[in-house]
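Here is how the chains run, residue by residue.
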Amino acid sequence: QMGESTAAAHLGAIKNCINKGNVKYRFETLASGTYSNVGGVAGYAQADIIGCQNFGRVESSTPTDPAYAGTRAAAGGVVGCTLFAVQDCTNNGELFIEGVWAAGTNNAAGAGAQAGSSFGGVAGCVGVYNQSKAEYPAKNCINNGEINMTVYCKTGGGTAGYFGGVIGYTINSVSDCHNHAKTNIKTFLANTYIAGVVGYAQNSSVSNATNNAETN
């Protein structure tokens, strides 16, 4: 399990932003503690993501087999990882993921906020900052972009991967989120969580969520 991040500042919000260009990131996992966060609007944020849209293709890949356990990826059509809320966001572009990662157990704030790799049509990782037990939900989010992933893992043990049509991973509530695009996932991980809307909602509620497309 990834758990929550603890010592990060809430830096406001990214609002009403639109990306129409393709985003492509080739990631070299050459050392422990190397993390990738990739998104159409934001890669990593200590802020709420509100009213944002992505129309471009988002691609994240790594050509190397990581030599260390402390590596992981987060990617989403709108945002790769935010410690806080995602609301009223829509992804219309393809999410393409291909690579090898070996997650560690670092739950510290910052780029390594989650230990497992997480991928979602709108957001890979949402709301993992919960030190004050405040609510940072994923709400009113829609994915219309096809998701294609091939993800391998070097190490076993507790390494996990989280894959969702809308949200990959969260420890806060998810409501009124909908996936309308096909999801194709090929993965070799010790622990794999795959769902049409939310890959893994840890200790949190999911309501009024629908998946209207095939998940393979």
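Residues numbered from 1 in each chain as written. Predicted model: local features only at pLDDT ≥ 70, side-chain atom pairs only at ≥ 80, totals over all residues. Heavy atoms only, no water.

1. Observations regarding the overall build of the protein
Scanning the protein from terminus to terminus reveals zero helices and 27 strands. Going through the 216 residues of the protein one by one, you find that 55% of them count as buried. In the protein, the share of contacts with a sequence separation of at least 24, taken over all contacts with a separation of at least 6, comes to 85%. Within the structure as shown, the protein displays about 8000 Å² of accessible surface, and the carbon and sulfur contribution to it stands at 47%. (Helix = DSSP H or I, 4+ residues; strand = E, 2+ residues; numbered from the N terminus. Buried < 20%, exposed > 50% of the residue type's maximum accessible area, 1.4 Å probe, protein only. Contact = heavy atoms within 4.5 Å. Areas by Shrake-Rupley, 256 points an atom, 1.4 Å probe, with all protein chains shown as cover.)

2. Describing the nonpolar core
Burial of nonpolar side chains together is a common tendency in soluble globular proteins. Ranked by internal contacts, the top residues of the largest apolar core, which has 19 residues, are Ile49, Val86, Cys89 and Val122. If near-sequence neighbours (up to four positions away) are discounted, valine 122 is found in contact with Gly76, Gly77, Val78, Val79, Val86, Cys89, Asn91, Cys141, Ile142, Asn143, Gly165 and Val166. Residues Leu83, Phe84, Cys125 and Tyr136 belong to the second largest nonpolar core, which totals 15 residues. (Core = buried A, V, L, I, M, F, W, Y, C linked by side-chain atoms within 4.5 Å.)

3. Structural notes on the sheet that holds strand 14 (residues 117–120)
Taken in spatial order, the five strands of this open sheet run 4-9-14-19-24, and their pairing is parallel. The sheet terminates laterally at strand 4 (34–39) and strand 24 (191–195), the two strands that pair on one side only. Neighbour-to-neighbour, the strand axes of the sheet open up by a mean angle of 5 degrees, direction not taken into account. Summarising the sheet, strand 4 and strand 9 (residues 71–76) pair through six bridges and their orientation is parallel. Looking at the pairing, tyrosine 35 lines up with arginine 72 of strand 9. (Pairing = 2+ DSSP bridges. Axes fitted to C-alpha atoms, helices over the stretch in contact; angles between N-to-C directions.)

4. Let's talk about the packing of aromatic side chains
Across all of its chains, the model carries seven aromatic pairs by this definition. With centroids separated by 5.2 Å and ring planes inclined at 10 degrees, the aromatic side chains of tyrosine 162 and tyrosine 193 adopt a geometry described as stacked. Residue tyrosine 162 is found in strand 19 (residues 160–164), and its partner tyrosine 193 is found in strand 24; the two are separated by 31 residues along the sequence. The exposure class assigned to tyrosine 193 is partly exposed, which follows from its relative accessible area of 25%. Residues tyrosine 193 and tyrosine 200 carry aromatic rings whose centres are separated by 4.6 Å and whose planes lie at 75 degrees to one another, so their mutual orientation is edge-to-face. Among the aromatic residues, ring-to-ring pairing joins Tyr162, Tyr169, Tyr193 and Tyr200 into one connected group. (Phe/Tyr/Trp six-rings, centres within 6.5 Å; stacked < 30°, edge-to-face > 60°.)

5. Considering the pairing of strand 10 (residues 79–82)
As paired elements, strand 5 (residues 42–45) and strand 10 share three bridges and run parallel to each other. Residue pairing in the sheet places alanine 45 in a bridge with threonine 82 of strand 10.

6. A closer look at unusual backbone geometry
With the exception of glycine, the majority of residues adopt a negative phi angle, and the majority of peptide bonds are in the trans configuration. For asparagine 16, which is not glycine, the phi dihedral falls at a positive 55 degrees. Among the secondary structure elements, asparagine 16 is positioned in the loop between strand 1 (13–15) and strand 2 (18–19). Residue classification places asparagine 16 among the exposed positions, given a relative accessible area of 59%. A positive phi angle, near 55 degrees, is found at asparagine 140, a position not held by glycine. Here asparagine 140 is to be found in the loop between strand 16 (138–139) and strand 17 (142–143). The exposure class of asparagine 140 is partly exposed, given its relative accessible area of 32%.

7. As for the side chain of histidine 178
Relative to the assigned elements, histidine 178 resides in strand 22 (residues 178–179). Look at histidine 178 and you get buried, because its relative accessible area is 18%. Here histidine 178 is in contact with Cys141, Ile142, Asn143, Val166, Asn208, Ala209 and Thr210, once residues within four sequence places are set aside.

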